[in-house]
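The residues making up each chain are set out below.
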Amino acid sequence: MEIIMSVLVMGLIAIVLAVALIISSKKFHVPENPLIEKVASLLPQANCGACGFPGCAGFAKAFVEEPVPGMRCPVASAEVLKAIGEVLGTAIGENKPMRAVLHCNGKHSNVQTVSEYIGVRSCAAANMLYTGDKACMYSCIGYGDCAKVCLFGAITMEDGIAVFDAEKCTGCGLCVKECPRKVISLVQKRISNVRVTCSSHDKGPVVRKNCKVGCIACGKCVKVCPKEAITVAPGSNLARIDDAKCILCGKCVAECDIMHAITADGRVVKAVEIIIKKKQQEKEEKQKAAAMAAGAANNPAASDTKEVKS
Amino acid sequence: MAFGLKTFSRGGIHVDDRKYSHESAIEKIPAPKTVVIPISQHIGAPAKAVVTKDQAVKIGQIIAEKSGFISANVLSPVSGVVKAVEARMTPTGFKQDCIVIENDMKDEYFEAFTAVAPSAEVIEKLDVSGAVKAVEKAGIVGMGGAAFPTSVKLSPPPDVKIDTVILNGVECEPYLTADARIMIEDAEKIVAGLALIMKIFSKNGPVKGYIGIEANKPDSIQKMSEAASKYKDIEVVSLALKYPQGGEKQLINAIVGRDVPSGKLPSAVGCVVQNVATAASIYDAAVNNRPLIERVVTVTGMGVKKQKNLLVRFGTMFTELIDYCGGVTDDAAMLICGGPMMGKALQTSEVPVTKAVSGILVLTQNEANLYEEAPCIRCGRCVDVCPMGLQPGMINKVIDAGDYDKLEELSLLDCIECGSCNYICAGHERLVQKIKIGKVKLQEILKARKEKEAQLKKEDKK
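Residues numbered from 1 in each chain as written. Chains lettered and ligands numbered in written order. Predicted model: local features only at pLDDT ≥ 70, side-chain atom pairs only at ≥ 80, totals over all residues.

> Explain the overall build of chain A here, please?
When helices and strands are counted, chain A shows 12 helices and eight strands. The globule rule puts the C-alpha radius of gyration for 310 residues at 19 Å, and the 31 Å found for chain A is more than 25% above it. Its C-alpha atoms put chain A at 130 × 50 × 45 Å along the principal axes. Counting across all 310 residues of chain A, residues that qualify as buried make up 32%. Pairs at least 24 apart in sequence give 58% of the contacts found in chain A among residues at least 6 apart. (Helix = DSSP H or I, 4+ residues; strand = E, 2+ residues; numbered from the N terminus. Rg over C-alpha atoms; globule rule 2.2 N^0.38 Å. Buried ≥ 20, exposed ≤ 12 C-beta atoms within 10 Å, placed from the backbone. Contact = placed C-beta atoms within 7 Å.)

This is the structure:
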């Protein structure tokens, strides 16, 4: 009997509350555009904030309700953009995929270590204290502030510098903002990338003293570039490649054969190998020719006899 | 409050004072062949270089002019020829623009100076109307370590009434003995300097002068008391040993019991605090027209062969001073500019002495106690010792989490970076370094908010 009573009472309470809930939900209903939820569900859901809005939901709301030209999710792939376009019934311009690259090759094996750092393991902290434990004051500090901030696991710290996984990188740019030395930049995501892996504004002799693979601004790469994509800004002591103009020929990489301060990745690596091989062959041929000419000059009799013999 | 001595009321720690060089008299070392003078040796806008390469300069000639209200002149400490104006490593840990001067060893002064001995009569007769200008010209900045331009401190806004001038002879940092030695060897000049500062402020009513000295320097206290007895309204206060008593706010609290409100300067409670060495140089500038070209630097720590107090020209390399003290020992491990609590670790000794360098510390591995960081155990000792009443452990957690907005509620900007929390921390966490990062981030947020508010106001007006 008691059980039945309690079931009845609880049931009654449940019905009353349910009715109250139904009434309130009808009365206080806030109309929201159903498209927002649809768009939000299509977005990558990394909430990285690279679009400038508080997370993917915030972006979706702004994108549906008051779109501004140029507003974009830098992370979304072409398919996602297409899907969003279908939902909204408009075509969305294609996203130019970007990726982050490091303009430094200051591995411990390349750059001198001048002091021991025992403070907080954070690039920002070390950069505030002094010029870093590496001899070069422009180098990647290597304590991984960028790796900590990356939401896609694209950055690993290896031998004192950040290594970027081109596949995983979405080009959101959080690491670019975080880096206190400003040695990371965004480039187009292409089959490969060619960049100057140095950020030192020091003069040539200083760079050579500090680092095995620094840019000494000799300007050889500038001369060899067919598209005038490489410049050495006056006073900067540093070559920079304009990514928009670069056609990935790899000539500059082969040309920078003393300091190796220009690095290529992806498919260009092979092209560079071919160019270097070709250069090597040309050099050998030249040397041979020179040696023969020299031999002929030194010992004309010998060459004469050779000719006679042949 | 042992022995009934005065001290500040909140927080503080007791550190082993290790004043190894206290007994060694100040030695004047010969001027170096070349000096390197950073154009920014003070808080505020960097000075502007007014000399060029190959220009001849004399001692006391202005080589970089103050630019802006909070800034200070930089004078040449030697006579000779400017060799270069270029970026060199400085005790800040970074490269900064420096003027390199080759010394011709002639020691010619740019302007004539006098050598009036300090006494009560001299100060009484002195017309102080030109004193602040003289201090500004001589390029004097606070020599306790913060290097705040002294002329700015001496000219508060007209509505601020100063009734107390405190000289800081506390030197609460362990190891350092420069101020203690100056007080023993130059007490008359320091007290005359204090009387001069008091006279500058006395046009708005009577001013009382105090000289705060910690009780571990009985000889300094004795000499200063003797000198002070010749003046009215100057009192030497013996203070109990507690770190960071040399902080402006702590010293005011210890001596006159006033609390400086958060975010305000000591002038808000009618006080001005000056370092003892600064007072002596103020006297020299205002009475004798002598420029500020040298200072006393303590070279100490178990990592140097002999611990000494040296009178050195600005621009002398740390290396030269260390060599003068017999060089470093085999187990030297760490070089610090300043004291062990608030000083800055340096990566090289090829940096020049500037106006703010009070000590050069070479620590051995054993002294430096380089512990590994361990997790916070929430013991709360950092809260107990914080002289500003903050919660360093909590602040550390908030910074780790990246919740920089919350730092404002935790009054982060009140932190004086004294390092007490760091010293006491059971987990040896690098609290002060984290707090420094937090301060930068918080200031960014506050700046962005201000800009946004200004923009909103503009739009409202439209």
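Let's pick the thread back up.
> I'm lost on the overall build of chain B in this one. Help?
From N to C terminus, chain B includes 14 helices and 17 strands. Whereas a compact globule of 462 residues would reach a radius of gyration of roughly 23 Å, chain B reaches 22 Å, a difference of no more than 12%. For chain B, the spread of C-alpha atoms along the principal axes amounts to about 65 × 60 × 55 Å. Looking at the 462 residues of chain B, the share that counts as buried comes to 50%. When contacts within chain B are restricted to residue pairs at least 6 apart in sequence, long-range pairs at least 24 apart make up 73% of them.

> How should I be thinking about the sheet that holds strand E14 (residues 308–313) of chain B in this particular structure?
All names here are of chain B. Reading across from one edge, E1-E14-E13-E17-E15-E16 is the order of the six strands in this open sheet, with mixed pairing throughout. Whereas interior strands pair on both sides, the edge strands pair on one side only; in this sheet they are strand E1 (27–28) and strand E16 (344–346). One ladder, built from three bridges, connects strand E15 (residues 332–337) with E16; its direction is antiparallel. If you follow isoleucine 336 over to E16, its bridge partner there is alanine 345. (Pairing = 2+ DSSP bridges.)

> Any chance you could explain the interface of chain A and chain B here in plain terms?
Many analyses report the size of an interface as the accessible area lost when the parts associate. The partner chain B presents 10 residues to the 12 residues of chain A that form the contact. Residues of the side of chain A that touches chain B, tallied by class, amount to nine nonpolar, three polar and no charged. (Nonpolar A, V, L, I, M, F, W, Y, C, P; charged D, E, K, R; others polar.)

> When you look at the nonpolar core in this model, what are you seeing that I'm missing?
Grouped burial of nonpolar side chains is what soluble globular proteins tend to show. Among the nonpolar cores identified, the biggest contains 134 residues, and Ile190, Val191, Leu194, Leu196, Ile197, Met224 and Val297 of chain B are the most heavily contacted of them. A total of 11 residues in this core trace back to one element, the largest contributor, which is helix H5 (residues 187–201) of chain B. If sequence neighbours within four positions are ignored, leucine 196 of chain B has contacts with Ile123, Leu126, Val128, Ala131, Ile282, Tyr283 and Ala286 of chain B. Formed by 55 residues, the second largest nonpolar core is a distinct cluster that contains Ala154, Ile155, Cys179 and Ile230 of chain A. (Core = buried A, V, L, I, M, F, W, Y, C linked by C-beta atoms within 7 Å.)

> Hey, could you run me through the sheet that holds strand E11 (residues 234–239) of chain B in this one?
Think of a sheet as strands paired side by side through backbone hydrogen bonds, with each pair either parallel or antiparallel. All names here are of chain B. Pairing is parallel in the open sheet, where four strands are placed in the order E11-E10-E9-E12. Edge positions in the sheet fall to E11 and strand E12 (271–275), since each of these pairs with one other strand and no more. When the angles between neighbouring strand axes are averaged without regard to direction, this sheet yields 25 degrees. For strand E9 (residues 164–168) and E12, the ladder comprises five bridges, and the chain directions are parallel. (Axes fitted to C-alpha atoms, helices over the stretch in contact; angles between N-to-C directions.)

> Can you walk me through the domain arrangement of chain A in this structure?
Residues and elements named next belong to chain A. When its domains are assigned, chain A resolves into domain 1 (33–95), domain 2 (97–189) and domain 3 (194–286). Opposite the 16 residues of domain 2 that make contact, domain 3 presents 15 residues. For the side of domain 2 that touches domain 3, the secondary-structure elements that each account for two or more residues are strand E1 (98–102) and strand E4 (184–188). Its residues placed into classes, the side of domain 2 that touches domain 3 shows 10 nonpolar, six polar and no charged. (Domains from an automatic or database assignment.)

> Help me understand the domain arrangement of chain B, please; the structure alone is not making it clear to me.
Residue and element names in this part refer to chain B. Domain boundaries assigned for chain B yield domain 1 (27–103 + 293–366), domain 2 (117–288) and domain 3 (381–461). Computed over C-alpha atoms only, the centres of domain 1 and domain 2 are separated by 24 Å. Across the boundary between the two partners, domain 1 contributes 28 residues, which contact 22 residues of domain 2. Those elements giving two or more residues to the side of domain 1 that touches domain 2 turn out to be strand E6 (74–75), strand E13 (294–300) and strand E17 (359–364). Top contributing element to the side of domain 1 that touches domain 2 by residue count: E13, with five residues.

> Would you mind going over unusual backbone geometry with me for this structure?
Trans peptide bonds make up most of the peptide bonds, and negative phi angles are found at most residues other than glycine. Residue and element names in this part refer to chain B. In this chain, tyrosine 243 is followed by proline 244 through a cis amide linkage whose omega measures -5 degrees. Here proline 244 shows up in the loop between E11 and helix H7 (248–256). Positive phi values are uncommon outside glycine, yet glutamate 171 reaches one of about 45 degrees. Following the sequence through the fold, glutamate 171 ends up in the loop between E9 and helix H4 (178–185). Residue glutamate 171 is classed as buried on the basis of its 31 C-beta neighbours within 10 Å. Notably, serine 411 is not glycine yet its phi reads approximately 50 degrees, a positive angle. Counting through the fold element by element, serine 411 comes out in the loop between helix H12 (392–401) and helix H13 (420–424).

> Help me understand the packing of H5 of chain B against helix H8 (residues 276–288) of chain B in this model?
Any two packed helices are characterised by the angle at which their axes cross and by the distance between the axes. Residue and element names in this part refer to chain B. Two elements in contact, H5 and H8, have axes whose closest approach is 7 Å; the angle formed by their N-to-C orientations is 75 degrees. One finds that H5 runs roughly perpendicular with respect to H8. Of the residues in H8, those touching H5 at Lys189, Ile190, Ala192, Gly193, Leu194, Leu196 and Ile197 are Val276, Ala279, Ala280, Ile282, Tyr283 and Ala286. When the residues that make up the contact of H5 with H8 are grouped by side-chain class, the tally is 11 nonpolar, one polar and one charged. (Parallel < 35°, antiparallel > 145°, perpendicular 65-115°, else oblique.)

> How should helix H14 (residues 431–461) of chain B be read in this particular structure?
Between the first and last C-alpha of H14 of chain B there are 45 Å, a value that for 31 residues agrees with the 45 Å anticipated at 1.5 Å per step. For H14 of chain B, the secondary structure elements touched by its buried residues are helix H5 (123–129) of chain A together with helix H11 (381–385), H12 and H13 of chain B. (Expected span 1.5 Å × (residues − 1).)

> Sorry if this is basic, but what is going on with the environment of isoleucine 275 of chain A here?
Residue and element names in this part refer to chain A. Of note, isoleucine 275 is situated in helix H11 (residues 268–298). Through-space distance from the C-alpha of isoleucine 275 to that of alanine 254 is 6.6 Å; in sequence the pair is 21 residues apart. With residues near it in sequence (within four places) discarded, isoleucine 275 still touches Gly250, Lys251 and Ala254.

> How should I be thinking about the packing of helix H2 (residues 34–42) of chain A against helix H4 (residues 78–88) of chain A in this particular structure?
Residue and element names in this part refer to chain A. The contact between H2 and H4 brings their axes to 10 Å, and the two run at 170 degrees. When the axes of H2 and H4 are compared, the pair comes out roughly antiparallel. Listed contacts from H4 to Leu35, Lys38, Val39 and Leu42 of H2 are Val80, Ala83, Ile84, Val87 and Leu88.

> It is not clear to me how the pairing of strand E2 (residues 34–38) of chain B should be interpreted in this structure. Could you clarify?
Along a regular strand, successive side chains alternate from one face of the sheet to the other. Residue and element names in this part refer to chain B. Among the five residues in E2, four count as buried, and that is most of the element. Sheet topology note: the E2/strand E8 (residues 95–103) ladder contains five bridges and is antiparallel. Within E8, the residue paired with valine 35 across the bridge is isoleucine 101.

> Honestly, the pairing of strand E10 (residues 208–214) of chain B in this entry has me stumped. Any pointers?
Residue and element names in this part refer to chain B. Of all seven residues in E10, six are buried; the element is thus mostly enclosed. Direction of pairing for E9 relative to E10: parallel, over a ladder of five bridges. Bridge pairing links valine 165 to glycine 209 in E10. For E10 and E11, the ladder comprises six bridges, and the chain directions are parallel. Counterpart to tyrosine 210 in the pairing with E11 is glutamate 235. Each parallel crossover has a hand, and for E10 linked through helix H6 (residues 218–228) to E11 it is right-handed. (Right-handed = clockwise from strand over helix to strand, strands pointing away.)

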